[in-house]
Amino acid sequence: MTHDDHELDDATLHAYVDGQLEPSHAAEVADRLLRQPRAAQRVLAWREQREALQALHRDWLDEPVPSRLSAALHPPAAAAVVAPPSPWPRAWAAALLVALGLGAGAAGGWGGHGWWQGKQQAAAQAAAQAAARAAGRDPTVPEYVRDAAIAHAVYQPEKRHPVEVGADQADHLVQWLSKRLGAQLYTPVLRDYGWKLVGGRLLPASDDPSVGGALARAQFMYENDAGERFTLYVSTGAASPEAPVAFRLTQRTEGGSTTRSLYWIDGKLAYALSGNFDERRLRVLADLVHARMGMIARAASSP
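Keep in mind that this is a model prediction, so the values were computed, not measured. (Residues numbered from 1 in each chain as written. Predicted model: local features only at pLDDT ≥ 70, side-chain atom pairs only at ≥ 80, totals over all residues. Heavy atoms only, no water.)

Asks: Is there a simple way to think about the environment of alanine 153 in this case?
Replies: The topology assignment puts alanine 153 in helix α8 (residues 143–155). In this structure alanine 153 comes out as partly exposed when scored by relative accessible area, which is 42%. Each C-alpha atom of the pair alanine 153 and threonine 259 lies 7.1 Å from the other, and the pair is 106 residues apart in sequence. (Helix = DSSP H or I, 4+ residues; strand = E, 2+ residues; numbered from the N terminus. Buried < 20%, exposed > 50% of the residue type's maximum accessible area, 1.4 Å probe, protein only.)

Asks: What exactly am I supposed to notice about α8 here?
Replies: Because each turn of an α-helix spans 3.6 residues, side chains separated by three or four positions end up pointing in the same direction. Compared with the 18 Å implied by 1.5 Å per residue over 13 residues, the 18 Å span of α8 between its first and last C-alpha is a close match. Along its buried surface, α8 packs onto β2 (195–204), β3 (216–224), β4 (229–236), β5 (248–254), β6 (257–266) and β7 (269–275). (Expected span 1.5 Å × (residues − 1). Contact = heavy atoms within 4.5 Å.)

Asks: Before we go on, may I ask you to explain helix α9 (residues 170–181) in this structure?
Replies: For α9, with 12 residues, the first-to-last C-alpha span of 16 Å sits near the 16 Å given by 1.5 Å per residue. If you check which residues of α9 are buried, you get Leu173, Val174, Leu177, Ser178 and Leu181. Viewed along the axis of α9, the buried residues span an arc of 120 degrees, placing them on a single side of the element. Projecting away from the buried face of α9 at angles above 90 degrees are the exposed residues Asp171, Gln175 and Lys179. Elements in contact with the buried residues of α9: β1 (165–166), β2, β3 and β4. Residue glycine 182 follows α9 closely and has a positive phi angle near 75 degrees. (Arc of directions from axis to C-beta.)

Asks: Mind showing me how you'd approach the pattern of salt bridges here?
Replies: A pair can form between side chains of opposite charge whenever their charged atoms are brought close. Throughout the structure, instances matching the rule amount to 8 salt bridges. A salt bridge links arginine 281 to glutamate 228; the nearest nitrogen and oxygen atoms lie 3.0 Å apart. Taken as a pair, arginine 281 in helix α10 (residues 279–301) and glutamate 228 in the loop between β3 and β4 lie far apart in primary sequence, 53 residues in all. One network of salt bridges, in which partners are shared, links Glu143, Arg146, Asp147 and Arg217. (Salt bridge = Lys/Arg side-chain N within 4 Å of Asp/Glu carboxyl O.)

Asks: I keep staring at the nonpolar core and nothing clicks. Help me out?
Replies: Taken as a class, soluble globular proteins show a tendency for nonpolar side chains to be buried jointly. Of all hydrophobic cores here, the largest spans 47 residues; its most connected members are Leu33, Phe220, Phe230, Leu232 and Leu273. In terms of residue count, α10 provides more of this core than any other element does, 8 residues in total. Those residues in contact with leucine 232 that lie beyond four places of it in its chain are Ala218, Gln219, Phe220, Trp264, Tyr271, Ala272, Leu273, Val289 and Met293. Counting 10 residues, the second largest nonpolar core, distinct from the first, contains Tyr233, Tyr263, Ala270 and Ala272. (Core = buried A, V, L, I, M, F, W, Y, C linked by side-chain atoms within 4.5 Å.)

Here you go:
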């Protein structure tokens, strides 16, 4: 029995789900999950539990501060004469600012400016979500993800012209798309996992507040020996560059064909990986692609 034949232990799987493994180790685990369906199913279940827990009580962040706490922050002037104000309201206000991620200077100055910008951005996102509901779309799914699914459905069946620039010009393709998007892009090599790069293309983008209104996007296409394809869609201008990687799943059915997309934000880039196969395979592929791109980025930035 080889090392790869051993069932992955729970400690390794938990570290994998939590993003605590080194990129090279994560890529190895992703590869072994392709051959261990029971372990892959556990990973899938844990991811779903984690996402459900993260979604709990998000609406609380949008609720106003209770009146009794607001009153404590602004005691009557007469009370200030009779006795010195309690330090508790200030401590509570500072704790609230820290909890909201605004920092010690957020009550005024440049911190207040950042807070106002955040409010404006939230208003733009709320307007976009209202428009999505009016159009019968899920407002929680960013517009670029919908565009990625449409682009996948349009181009993956193509036999003669699936891409704009082929893999035989991979270096030119990456340089060109990186220049147009204004960010360094990478195409992970997946030949050892049975996937080869077909090529890629430049695509237009709508004004999407969820990713900062990027003007251009890139699509890379991969194919295996069975003729199956998946596409990796990339957008720049992520609204939260410091946001942790968090994979989300959505699906779109049109003309009897279902396209599933896993999307995430990593730094200033937003990604959507789309395919016409089941969720488990898509998640393993997304983990593998993310780990490989991380390895390439680290190697490129090292002296």
